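Single-letter residue listing:
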Amino acid sequence: MADLFTPLRLGELELPNRIWMAPLTRCRAEAEHVPGELMAQYYSQRASAGLIVAEATMVMEGNSAFWHEPGIYNQAQIEGWRLTTDAVHQAGGRIVLQIWHGGRACHPLLNGGRQPVGASPLAISGDEVHTPEGKKPYVTPRELADQELPAIVEGFRLAAHHAMRAGFDGVEIHGANGYLLDSFLRDGSNQRQGPYGGSRDNRARLLMDVLEAVAQETSLMGLRLSPLNGYNAMHDSDPIGLISWLAEQLNAVPLAYLHLMRADLLGEQLGDVLTPTRERYQGVLVANMGYGAEEANAAIHSGAVDAVAFGRPFIANPDLPERFASNAPLTTADPATFYSAGPAGYIDYPRLNG
């Protein structure tokens, strides 16, 4: 039976273990959303992961939701990301890029005054966004017209093309956490009419179009979903039904893996999304959120999932697989430096053996 340290075949990649690094927004990009040497050092330190999923990266200009997040829509960004992919590969690692559109989570103060866009004109409530003028409430997005959506699809396709030029081993499409694709998928944020609203087929149409387009650019395409997660004021009237239906639809898509967030960050929406997904989805299933080594090992051993992605543990433990292998204690991450600038709390966490 498989465990955390059993190799896993993923497309053309042979992963040495099933301990993945989850995508983690860290806000360390340089001016104009260009990745730099600091990011290359951070990711290369974590190259022993079975697979690194690099952080949410803007597919199109003018859609910033985190102020200092990276992009992949111009040549400077492609060259900046090449620093990271070269460093990770030289360290023996494997890395894919999570490509993303922030949708209604973007803010005018981060985008030259531009109003954000979304599935419907519904603002994120109950939270604020960091901007150059301090924390601000989210604003009501402009509802995207049907005729604008092919350009969004093309933006994802071109981002995947750029990611492969930058040396990534593949891409992961961000369909989670209330950002643009997720805001179309779930009925709490998609209240539009027409071919992209209403039924599950219609609400999933934009996501499926993006998957079809991105598959033209890479043979290793993953997808991240979060059917239960209430972050960014998200909900769905039937999350179990949605993921059960969608898992079957995804069997017709050339996915290398499905990356599923199993819980709600806010702890409000409960349910088991892993079991119905495993029963219906025939490909590689990766789970995320709240796992320790023991539970992750048991989940893989039982066949419930094929791999587990770890977030916070990888922030503070760049050598996480080695620590798991030796049952060594884990360093605790400092939340105060999750989104701060500079190397502190980013590249200065100690390795087990110095």
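Fair warning: this is a prediction, and the values are worked out from it, not measured in the lab. For every chain, the first residue of the written sequence is number 1, and numbering continues from 1 onward in sequence order. Local features in this predicted model are restricted to residues whose pLDDT is 70 or higher, and side-chain atom pairs enter the listing and the counts only when it is 80 or higher, whereas totals over whole chains, interfaces and linings include all residues. Computation of side-chain values covers all heavy atoms of the structure but excludes hydrogens and water.

1. Observations regarding the pairing of strand β12 (residues 257–261)
- Of all five residues in β12, five are buried, a share of seventy percent or more.
- Only protein chains enter the accessibility calculation, which uses a 1.4 Å probe; a residue is then buried when its area is under 20% of its type maximum, exposed when over 50%, and partly exposed in between. Numbering of helices and strands starts at the N terminus; helices are DSSP runs of H or I of at least 4 residues and strands are runs of E of at least 2. Going residue by residue along β12, you find Tyr 257, His 259 and Met 261 tucked away on one face and Leu 258 and Leu 260 tucked away on the opposite face as well.
- Seen with its strands pointing away from the viewer, a crossover is right-handed when the path leading from the first strand over the helix to the second is clockwise. For the handedness criterion, the β-α-β arrangement of strand β11 (residues 221–225), helix α7 (residues 239–249) and β12 is classed as right-handed.
- Pairing between two strands is assigned when DSSP locates at least 2 bridges connecting them. Across four bridges, β12 lies against strand β13 (residues 285–288) in parallel orientation. Residue pairing for β13: Leu 258 is matched across the bridge by Leu 285.

2. Brief notes about the pattern of salt bridges
- Salt bridge, as used here, is a side-chain nitrogen of Lys or Arg placed within 4 Å of a carboxyl oxygen of Asp or Glu. One pass over the structure, following the stated rule, counts 14 salt bridges.
- Here Asp 306 and Arg 278 are joined by a salt bridge, their closest N and O atoms 3.0 Å apart. Within this pair, whereas Asp 306 is found in the loop between α9 (293–302) and β14 (307–310), its partner Arg 278 is found in helix α8 (residues 274–280), the two being separated by 28 residues in sequence.
- Classification of Asp 306 as buried rests on a relative accessible area of 16%.
- Salt bridges sharing partners connect three or more residues here, namely Glu 154, Arg 157 and Glu 217.

3. Some points on the packing of aromatic side chains
- Each pair of aromatic rings taken from Phe, Tyr and Trp, with Trp reduced to its six-membered ring, is defined by centres within 6.5 Å and is described as stacked if the planes are under 30 degrees apart, edge-to-face if over 60, and tilted in the remaining cases. On inspection of all chains with the given rule, the structure shows ten aromatic pairs.
- Judged by centre distance (5.9 Å) and plane angle (35°), the ring pair of Phe 66 and Trp 100 falls under tilted. Of this pair, Phe 66 sits in the loop between β4 (52–58) and α2 (75–90) while Trp 100 sits in strand β5 (residues 95–100); the two residues are 34 residues apart in sequence, bridging distant segments of the chain.
- For Trp 100, a relative accessible area of 1% gives the class buried.
- With centroids separated by 5.3 Å and ring planes inclined at 70°, the aromatic side chains of Trp 81 and Phe 168 adopt a geometry described as edge-to-face. Remark: Phe 168 occurs in the loop between α3 (149–165) and β10 (171–175) and Trp 81 occurs in helix α2; sequence separation between them is 87 residues. As far as burial versus exposure is concerned, Trp 81 and Phe 168 are alike and both buried.
- When the NZ atom of lysine or the CZ atom of arginine is within 6 Å of a ring's centre and also within 35 degrees of its normal, the charge is said to sit over that ring. Between the NZ or CZ atom of Arg 205 and the centre of the ring of Tyr 196, over which it lies, the distance is 6.0 Å.
- Stacked on the ring of Tyr 291, the Lys or Arg Arg 262 has its end atom at 3.6 Å from the ring centre.

4. Some details on the packing of α3 against helix α6 (residues 205–214)
- For helices, the axis comes from a line fit to the C-alpha atoms of the stretch in contact; other axes are also lines fit to C-alpha atoms, and the angle between any two N-to-C directions lies between 0 and 180 degrees. Where α3 meets α6, the closest approach of the two axes is 8 Å, and the angle between their N-to-C directions is 35°. Handedness of the crossing formed by α3 with α6: right-handed. Where α3 approaches α6, its residues Leu 149, Val 153, Phe 156, Arg 157 and Ala 160 are matched on the opposing element by Leu 206, Asp 209, Val 210, Ala 213 and Val 214.
- Under this grouping Gly is polar, as are all residues other than the nonpolar Ala, Val, Leu, Ile, Met, Phe, Trp, Tyr, Cys and Pro and the charged Asp, Glu, Lys and Arg. Partitioned by chemical class, the residues of the contact of α3 with α6 number eight nonpolar, no polar and two charged. Left-handed describes a crossing whose near helix is turned anticlockwise from the far helix through less than a right angle; right-handed describes the clockwise counterpart. Any two residues having at least one pair of non-hydrogen atoms within 4.5 Å are treated as being in contact.

5. Some details on the pairing of β5
- The buried fraction of β5 amounts to six of the six residues, a majority that puts the element mostly inside the structure.
- In β5, alternate side chains face the same way, and those of Ile 95, Leu 97 and Ile 99 on one face and Val 96, Gln 98 and Trp 100 on the other are all buried.
- Of the strand pairs in this sheet, β4 and β5 are connected by five bridges, and their pairing is parallel. Residue pairing in the sheet places Ala 54 in a bridge with Leu 97 of β5.
- In this region the chain leaves β4, passes through α2 and returns to the parallel neighbour β5; the handedness of that crossover is right-handed.
- Here β5 runs beside β10; their pairing, made up of three bridges, is parallel. Pairing of Gln 98 across the sheet is with Glu 172, part of β10.

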